[in-house]
Number of protein chains: 4
Amino acid sequence: MSAIDLSQLQGLDFDEIKLGQTAIFGKTVTEADILTFAAVSGDTNPVHLNEEFVRPTMFKTRIAHGMLSASFISTVIGTKLPGPGCIYVSQSLRFKAPVKIGDTVIARAEVTELNPEKRRLKLKTTCHCGETVVIDGEAEVFIPKRG
Amino acid sequence: MSAIDLSQLQGLDFDEIKLGQTAIFGKTVTEADILTFAAVSGDTNPVHLNEEFVRPTMFKTRIAHGMLSASFISTVIGTKLPGPGCIYVSQSLRFKAPVKIGDTVIARAEVTELNPEKRRLKLKTTCHCGETVVIDGEAEVFIPKRG
Amino acid sequence: MSAIDLSQLQGLDFDEIKLGQTAIFGKTVTEADILTFAAVSGDTNPVHLNEEFVRPTMFKTRIAHGMLSASFISTVIGTKLPGPGCIYVSQSLRFKAPVKIGDTVIARAEVTELNPEKRRLKLKTTCHCGETVVIDGEAEVFIPKRG
Amino acid sequence: MSAIDLSQLQGLDFDEIKLGQTAIFGKTVTEADILTFAAVSGDTNPVHLNEEFVRPTMFKTRIAHGMLSASFISTVIGTKLPGPGCIYVSQSLRFKAPVKIGDTVIARAEVTELNPEKRRLKLKTTCHCGETVVIDGEAEVFIPKRG
């Protein structure tokens, strides 16, 4: 047992969330991030790891795993909106453009639907690099009753 | 330029893929994997990192990020079926059960639809821990013409 | 017990392998790879880690561990030819040229000898950076009977 | 330029080495080491990563990559005997027994041949876990003239 009340780590309760509310998380994707993601996922696709393989392709240079950018959406949901204590029910992802080493990916979630009876909400989720949408999709989240 | 023909790294071409074809990837999820995924994603939700926070919750012990298991689906798509050279168009994910440290997650993809004109295919994608389905969903993939 | 048949993860059986068969794995060697290899091996030789130490030497800039490139041969053997299920019996390595940060190393194995009675095979194993052979040698592998 | 004389980082010069001289390096192999080695090598063979795959095999539990233990030999050569400044010419490896999580691997090199004209030496190289030899083989090393 901690001497400190850990429930203060919890995120937003259902009643604290409003339609249209947004949150973001962003990270500059480095070569080391791509290597680390390959490590943890086991996804050693040469498009991520082998500069000579990828040079003659449409990508020209190594690209990040789409699921790495997708993981930044999970970061918004799990740490900010609604944050800790929520249950991630579902996520849809459309991969629309590649992310290259040095690109800064901004993941954004916006509340689009609130179902107070079921304590469930939907969020429009997107990842941007500058003006370009690299991922869009939708998340559904459940917030258990506290107490 | 490599002295070796790197095109042999490419995965399956559209005509090599059959309805019902399957592939799997599996990994035992360790504490180090969860820490690494938190590091690369920025998802520092205490449900993944803080044993004291999670003890009184329904999970009882730290759980893996849902997107970590989802990344194993990307590994099947990107390294096996269809493998290198394909374009990941979309992925849906329903998170159905938690994954704990020491669980072995098996990600599986099965071809459910082939569209030869558009060179696109759909795959039913699931992650299992033993008998339990922890994720299900669907992937869509595009295979560019080669040569 | 998994609900999914994990034996499909196994690589090639002895009878599926032919003389002259080849497989490759390639990776662009990054600064992060060299640091990670130093970490896991404990090989903190300044030729890999200390740019000022190495500048006046014949190498001019930090080089990768020879065993890092050698590990890519193990990746070909263990994941492709013959792949999972085989037993790595021996490996010889001649280090012929240094690998620098940013070089793409292509490891290649070619079956040169098949001994069906002992279920053993030999492979010529090389690592290339472009036209340069950086490692050559030979591997011996055993494939246990299945079932 | 460093204010400190970095040549003191250099290992043994040829004349400082005697027949029969030995050095060792040892490390307890952890689950995290195996994951890290899989990451850096790309060797995602399930025998290293997937506890359920390996359970019905002769290994019973996940084993370390043979090349991880082999890298400890490189650590002895590159940091101790002869240490920094030497050129690794060749290494032979016979993999004789598996290494499991928690095993402590001791790599040992012993000088067996000195060729002062060519400034080359040979070393008998072994890795032990307790009484068991897990790798044996031979290294050849060249020590360039200093000055």
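Scroll up to find the structure.
Predicted, not measured: the structure shown is a model, and the values here were computed from it.

Scanning chain A from N- to C-terminus turns up 4 helices and 5 strands. N-terminal to C-terminal, the α/β element order of chain A is β-α-α-α-α-β-β-β-β. In terms of principal-axis extent, the alpha carbons of chain A reach across some 55 × 35 × 20 Å. Per-residue burial over chain A gives 52% buried out of 147 residues. By sequence separation, contacts in chain A at least 24 residues apart represent 67% of the contacts at least 6 residues apart. About 6500 Å² of surface is accessible on chain A, with carbon and sulfur atoms providing 52% of the total.

Placing chain A over chain C gives an RMSD of 0.1 Å and needs a rotation angle of 113 degrees, together with 0.0 Å of translation along the axis. Little of the interface of chain A is mirrored in chain C, where only 11% of its interface residues again form contacts.

Next up on the list: the sheet that holds strand β2 (residues 87–95) of chain D. Pairing is antiparallel in the open sheet, where 10 strands are placed in the order β1(C)-β3(C)-β4(C)-β5(C)-β2(C)-β2(D)-β5(D)-β4(D)-β3(D)-β1(D). Two strands bound the open sheet, and with one partner strand each, they are β1 (22–28) of chain C together with β1 (22–28) of chain D. In this sheet, neighbouring strand axes are inclined to one another by 20 degrees on average, regardless of whether the strands run parallel or antiparallel. Looking at chain direction, β1 of chain C and strand β3 (residues 104–115) of chain C are connected through 7 bridges and run antiparallel. Bridge assignment links Thr22 of chain C to a residue of β3 of chain C, and that residue is Glu110 of chain C. The strands touched by helix α4 (residues 66–79) of chain C within the sheet are β1, β2 (87–95), β3, β4 (120–129) and β5 (132–142) of chain C together with β2 of chain D, with β2 of chain C carrying the most contacts at an inclination of about 145 degrees. Of the strands in this sheet, β2 of chain C together with β1, β2, β3 (104–115), β4 (120–129) and β5 (132–142) of chain D touch helix α4 (residues 66–79) of chain D, which is tilted by about 145 degrees from β2 of chain D.

Residue and element names in this part refer to chain C. Checked against the element boundaries, Thr125 lands in strand β4. Among the polar contacts listed, one links the side chain of Thr125 to the side chain of Gln91, at a separation of 2.9 Å. For Thr125, the residues in contact, after removing those within four places along its chain, are Ile73, Gln91, Ser92, Arg108, Ala109, Ile135, Asp136, Gly137, Glu138 and Ala139.

Chain A puts 9 residues into the contact, and the matching count from chain C is 10 residues. Carbon and sulfur atoms make up 60% of the surface buried where chain A meets chain C, a total of about 720 Å² over both sides. At the surface where chain A touches chain C, the tally comes to 0 salt bridges. If you look at where chain A meets chain C, you find 3 residue pairs in polar contact (both at pLDDT 80 or more). Every element with two or more residues in the side of chain A that touches chain C is listed here: α1 (31–41) and α3 (51–54) of chain A. Among the residues forming the side of chain A that touches chain C, the class breakdown is 3 nonpolar, 2 polar and 4 charged.

This next bit is on the environment of Ile106 of chain B. In this fold, Ile106 of chain B is placed in strand β3 (residues 104–115). For Ile106 of chain B, a relative accessible area of 0% gives the class buried. If we ignore the near neighbours within four places in the chain, the residues touching Ile106 of chain B are Ile24, Phe25, Gly26, Thr126, Cys127 and His128 of chain B, Ser2, Ile4 and Leu6 of chain C together with Asn50 of chain D.

Let's shift gears to the packing of aromatic side chains. Considering all chains together, one arrives at 10 aromatic pairs over all chains under this definition. On the basis of an interplanar angle of 50 degrees and a centroid distance of 6.0 Å, the ring pair of Phe37 of chain C and Phe37 of chain D is categorised as tilted. A residue pair is termed interchain when its members come from two chains, as with Phe37 of chain C in helix α1 (residues 31–41) and Phe37 of chain D in helix α1 (residues 31–41). As far as burial versus exposure is concerned, Phe37 of chain C and Phe37 of chain D are alike and both buried. Ring centres 4.8 Å apart and planes at 40 degrees place the aromatic pair Tyr88 of chain C and Phe95 of chain D in the tilted group. Taken together, the residues Tyr88 of chain C in strand β2 and Phe95 of chain D in strand β2 connect one chain to another. Pair check on accessibility: Tyr88 of chain C and Phe95 of chain D agree, each one buried.

All right, on to the interface of chain A and chain B then. The partner chain B presents 43 residues to the 42 residues of chain A that form the contact. For the chain A face of the interface with chain B, the top three residues by lost area are Val40, Phe53 and Met67 of chain A, together amounting to 18%. Joining chain A to chain B, the criterion identifies 0 salt bridges. Linking chain A with chain B are 16 residue pairs in polar contact (both at pLDDT 80 or more), by the criterion used here.

Definitions and limits used
Residues numbered from 1 in each chain as written. Chains lettered and ligands numbered in written order. Predicted model: local features only at pLDDT ≥ 70, side-chain atom pairs only at ≥ 80, totals over all residues. Heavy atoms only, no water. Helix = DSSP H or I, 4+ residues; strand = E, 2+ residues; numbered from the N terminus. Buried < 20%, exposed > 50% of the residue type's maximum accessible area, 1.4 Å probe, protein only. Contact = heavy atoms within 4.5 Å. Areas by Shrake-Rupley, 256 points an atom, 1.4 Å probe, with all protein chains shown as cover. Least-squares fit on C-alpha atoms with pLDDT ≥ 70 in both. Pairing = 2+ DSSP bridges. Axes fitted to C-alpha atoms, helices over the stretch in contact; angles between N-to-C directions. Polar contact = N/O pair within 3.5 Å; in protein donor to acceptor, adjacent residues only side chain to side chain. Buried area = accessible area lost by both parts, 1.4 Å probe. Salt bridge = Lys/Arg side-chain N within 4 Å of Asp/Glu carboxyl O. Nonpolar A, V, L, I, M, F, W, Y, C, P; charged D, E, K, R; others polar. Phe/Tyr/Trp six-rings, centres within 6.5 Å; stacked < 30°, edge-to-face > 60°.

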